[in-house]
Amino acid sequence: SQTIHQWPATLVQPVGSPLSLECTVEGTSNPNLYWYRQAAGRGLQLLFYSVGIGQISSEVPQNLSASRPQDRQFILSSKKLLLSDSGFYLCAWRSWGNYEQYFGPGTRLTVT
Amino acid sequence: QKEVEQDPGPLSVPEGAIVSLNCTYSNSAFQYFMWYRQYSRKGPELLMYTYSSGNKEDGRFTAQVDKSSKYISLFIRDSQPSDSATYLCAMTGTGGFKTIFGAGTRLFVKA
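Residues numbered from 1 in each chain as written. Chains lettered and ligands numbered in written order. Predicted model: local features only at pLDDT ≥ 70, side-chain atom pairs only at ≥ 80, totals over all residues. Heavy atoms only, no water.

Novice: Tell me about the side chain of threonine 99 of chain B, and please be specific about residues and values.
Specialist: Following the sequence through the fold, threonine 99 of chain B ends up in the loop between strand E9 (85-93) and strand E10 (100-101). Within the structure, threonine 99 of chain B has its side chain in polar contact with the side chain of glutamine 101 of chain A (distance 3.1 Å). Not counting residues up to four positions away in its chain, the partners in contact with threonine 99 of chain B are Tyr36, Arg94, Tyr99 and Gln101 of chain A together with Met34, Ala90, Met91 and Thr92 of chain B. (Helix = DSSP H or I, 4+ residues; strand = E, 2+ residues; numbered from the N terminus. Polar contact = N/O pair within 3.5 Å; in protein donor to acceptor, adjacent residues only side chain to side chain. Contact = heavy atoms within 4.5 Å.)

Novice: Account for the interface of chain A and chain B, naming residues and giving values.
Specialist: With 23 residues of chain A at the interface, the matching set in chain B holds 21 residues. Summing both partners gives a buried area of about 1700 Å² for chain A against chain B, and 60% of it is carried by carbon and sulfur. For glutamate 59 of chain A, the salt bridge identified is with lysine 98 of chain B, shortest N-O distance 3.3 Å. On inspection of chain A and its partner chain B, the count reaches six residue pairs in polar contact (both at pLDDT 80 or more). Broken down by secondary-structure element, the contributors of at least two residues to the side of chain A that touches chain B are strand E4 (32-38), strand E5 (44-52), strand E9 (87-94) and strand E10 (102-103) of chain A. Residues that form the side of chain A that touches chain B fall into these classes: 13 nonpolar, five polar and five charged. (Buried area = accessible area lost by both parts, 1.4 Å probe. Salt bridge = Lys/Arg side-chain N within 4 Å of Asp/Glu carboxyl O. Nonpolar A, V, L, I, M, F, W, Y, C, P; charged D, E, K, R; others polar.)

Novice: I'd love a proper account of the nonpolar core, names of residues and values included.
Specialist: All names here are of chain B. In this structure, Trp35, Ile72, Leu74, Tyr87 and Met91 are the most contacted members of the largest nonpolar core, which totals 23 residues. Of all the secondary structure elements, the ones that give two or more residues to this core are strand E3 (19-25), strand E4 (30-38), strand E5 (45-51), strand E7 (61-66), strand E8 (71-76), E9 and strand E11 (105-110). Excluding residues within four positions of it along the chain, leucine 74 makes contact with Val19, Ser20, Leu21, Trp35, Leu47, Met48, Phe61, Thr62, Ala63 and Tyr87. (Core = buried A, V, L, I, M, F, W, Y, C linked by side-chain atoms within 4.5 Å. Buried < 20%, exposed > 50% of the residue type's maximum accessible area, 1.4 Å probe, protein only.)

Novice: Which residues make up the sheet that holds strand E1 (residues 4-5) of chain B, and what values go with them?
Specialist: Residues and elements named next belong to chain B. With antiparallel pairing, the five strands of this open sheet are ordered in space as E1-E3-E8-E7-E6. What marks the edges here is a single partner per strand, and that holds for E1 and strand E6 (54-58). Examined bridge by bridge, E1 and E3 share two bridges and lie antiparallel to one another. The residue of E3 that forms the bridge with valine 4 is tyrosine 25. (Pairing = 2+ DSSP bridges.)

Novice: So what's going on with the state of the cysteines? Which residues, and what values?
Specialist: Throughout the structure, instances matching the rule amount to two disulfides over all chains. In this model cysteine 23 of chain A forms its disulfide with cysteine 91 of chain A; the gap between the sulfur atoms is 2.0 Å. Taking the torsion about the S-S bond as the criterion, the cysteine 23 of chain A to cysteine 91 of chain A disulfide, at about -75°, is left-handed. Of this pair, cysteine 23 of chain A sits in strand E3 (residues 19-26) while cysteine 91 of chain A sits in strand E9, and the two are 68 residues apart along the sequence. Exposure remark for cysteine 91 of chain A: the relative accessible area of 0% places this residue in the buried category. There is a disulfide in this structure between cysteine 23 of chain B and cysteine 89 of chain B, and the S-S distance comes to 2.0 Å. Measuring handedness by torsion sign, the sulfur bridge of cysteine 23 of chain B and cysteine 89 of chain B sits at about -100° and is left-handed. Taken together, the residues cysteine 23 of chain B in strand E3 and cysteine 89 of chain B in strand E9 connect sequence positions 66 residues apart. (Disulfide = S-S within 2.5 Å.)

Laid out in structure tokens, this is it:
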């Protein structure tokens, strides 16, 4: 069966510090991968998606970036965090030919 | 106009009630419809997945799609306190990589 992992689970970072969130998927090959941000009481905002290694599509500009160095690894980064980057970050995957997405447990980021 | 509209609630019902959760959408290209349940501080969990119009039942849950009205519903029978969560609708079109999510409806089931 497939499993998706995210870490860390929680993170408190000062403004201006860098960020690296990691997501890995087990039990599947060549998944579509997604990063979402969910602000408190808000819906899901799609940040990035990837259909293959090194292929990243960005939905939002600003100071976040994503990379996919391996088939089942997806990384969300920032060089300098802003207060507005606080939120709940969710990684998700889906397999080719299917449309339902499966989410990881999330990372709660607080920028102080 | 948002692509997907979902009443944020909160919706409060007594234990054992039938719950109806709904979403409307504007894009007629959507063909795949999903419902997710999200407990506080957790990732969303896929509950139901349907293709095109019709009904799908899974235990106490029934998903209904009416493409002519661009309206989808999730019914929960015999609701339990453990059903208290936020329910998100989601949808996408054939060949699309992106899924559009509703803002979520917060449900409270009182014992």
